[in-house]
Amino acid sequence: MSVTDSPAARLQALFEGHRLTPTQRRIAHSMVRRAADVPFLSSVELAELAGVSQPSVTRFAVALGFDGYPALRRHLREVAPAEPATDADSANEYQQAVEAEIENLRHLAEVLADPRPVQRAGRLLAASRPLPVLGLRAAAAQAHGFAYFAAKVHPDVRLLNEGGTMLHDRIDAAVRAGATALLCFALPRHPREVVAALDYARQAGLTAVTVADSAFAPVAKVSDLLFPAAVGTGLAFDTACAPMLLGRVLLEAMCDDLPQAQARLEEFDVKAAARGLFVD
């Protein structure tokens, strides 16, 4: 089975084109993450998985055009026949967290099966001078990491990793300087300020490229290009290996559209050696 015909991809296609409420997006996100198991879950089990009520699962199925959840589950069993995943190993909670991240990376590989959206995003980011990179709270580290490396090849990267009343001013300044696109990292819990900033940036004429934990994240409605990369939720604090890797993939695509990228890297290496920056 190809990655584009995986259970997760088929579920994603099932949800596309439907206007879902925040609760319904949460159910959809949970289903995509557990795509192999979903055809075998009861409505109560799915509700527990998504952290919603059982009636919400029923309303979700109806919103997708089915008579109820049993009809949706029958459909899933018909289009995605598979055996439910079994947990035969007695892995401890730390191992389970690592396995969950590995599964998130597999799902990311499925999303990247068609490279064209990433290539388009790379062109948009490369062409924006300056390039604002937004990420608040939990996503601030992802934005900072991208901006750190991007600054080595892009002539003007502007990190927006602090909220407050100055955020819109900094977006305005980027637009006045010639920015045409903005890259945003948006991770749970989603700050209301990020949604507002993306909406403001688009109204100001910027194309919003967003890395989020789900295609159904609150930022989806205020993004022009959204790339989903799930976070791990098995530990006390979320883990974000997939969003970090997706950020590097976008960085690679951006470099492909920056003719001077390699020359800039080589120039940095020469200067770093002359200054003795690194011990290796």
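One numbering rule holds for all chains: residues counted from 1, following each sequence as written. With the structure being a predicted model, the display of local features is reserved for residues of pLDDT at least 70 and the display and counting of side-chain atom pairs for 80 or more, all residues being used for whole-chain, interface and lining totals. Calculation of side-chain values draws on the structure's entire complement of heavy atoms; hydrogens and water are dropped beforehand.

Visitor: Can you tell me about the overall build of the chain, naming the residues and giving the values?
Guide: A helix here means a DSSP run of H or I that spans at least four residues, while a strand means a run of E at least two residues long, and both kinds are numbered starting from the N terminus. Secondary structure assignment for the chain yields twelve helices and five strands. The C-alpha radius of gyration computed for the chain amounts to 21 Å, which stays within 12% of the reference 19 Å derived for 280 residues, consistent with globular compactness. On the principal axes, the C-alpha backbone points of the chain span a range of 65 × 45 × 35 Å. In this scheme, a residue with accessible area under 20% of its type's maximum is buried, one over 50% is exposed, and one in between is partly exposed, where area comes from a 1.4 Å probe on protein chains only. Counting across all 280 residues of the chain, residues that qualify as buried make up 41%. Counted over contacts in the chain with a minimum sequence separation of 6, partners at least 24 positions apart contribute 70%. Computed with a 1.4 Å probe, the accessible areas rest on the Shrake-Rupley method; for each residue, only the protein chains presented here act as cover. For the chain, the accessible area works out to roughly 14,900 Å², and carbon and sulfur atoms hold 52% of it. Our radius of gyration looks at C-alpha atoms and nothing else; its globule reference is 2.2 Å times the residue count to the power 0.38. Note on contacts: a residue pair is in contact if any heavy atoms of the two residues lie within 4.5 Å.

Visitor: Break down the state of the cysteines for me, with residues and values.
Guide: Disulfides are defined as pairs of cysteine sulfur atoms found within 2.5 Å of each other. Applying the stated criterion across every chain, the model contains zero disulfides. Cys 241 supplies the cysteine sulfur nearest to Cys 184, a cysteine that is in no disulfide, at a spacing of 19 Å. A relative accessible area of 0% means that Cys 184 is categorised as buried.

Visitor: Go over the sheet that holds strand E3 (residues 181-186), please, and point to the residues and values.
Guide: Two strands pair if DSSP finds at least two bridges between them. Spatial strand order, E2-E1-E3-E4-E5: five strands in an open sheet with parallel pairing. Each of the sheet's edge strands pairs with one partner strand only, and the pair in question is strand E2 (157-160) and strand E5 (225-228). Each adjacent strand pair in this sheet contributes to an overall mean axis angle of 15 degrees, direction not counted. Across six bridges, the pairing between E3 and strand E4 (residues 207-212) is parallel. Bridging across to E4, Leu 183 finds its partner in Val 209. For every element, the axis is a line fit to its C-alpha atoms; helices are fit only across the contacting stretch, and the angle between N-to-C directions ranges from 0 to 180 degrees. The strands that helix H7 (residues 116-127) touches are strand E1 (131-134), E3, E4 and E5; relative to E5, the one it contacts most, it runs at about 125 degrees. Strands E1, E2 and E3 of the sheet are contacted by helix H8 (residues 140-150), whose axis makes an angle of about 165 degrees with E2.

Visitor: A description of the nonpolar core should follow, citing residues and the corresponding values.
Guide: Remark: nonpolar core denotes a set of buried residues (Ala, Val, Leu, Ile, Met, Phe, Trp, Tyr, Cys) joined through side-chain atoms within 4.5 Å. By size, the foremost hydrophobic cluster in this structure holds 31 residues, and its most contacted members are Phe 146, Leu 183, Phe 185, Phe 227, Leu 250 and Met 254. Counting only elements with at least two residues in this core, the list comes to H7, E1, H8, E3, E4, E5 and helix H11 (241-256). Top contributing element to this core by residue count: H11, with six residues. Excluding its chain neighbours within four sequence positions, the residues that come into contact with Leu 250 are Val 118, Ala 121, Phe 146, Leu 183, Val 211 and Phe 227.

Visitor: Let's hear about helix H1 (residues 7-15): which residues, and what values?
Guide: When H1 is considered as a whole, its buried residues turn out to be Ala 8, Leu 11, Gln 12, Leu 14 and Phe 15. When H1 is viewed along its axis, its buried side chains cluster within an angular range of 155 degrees and face the same direction. Comment: arc refers to directions from the helix axis out to C-beta atoms.

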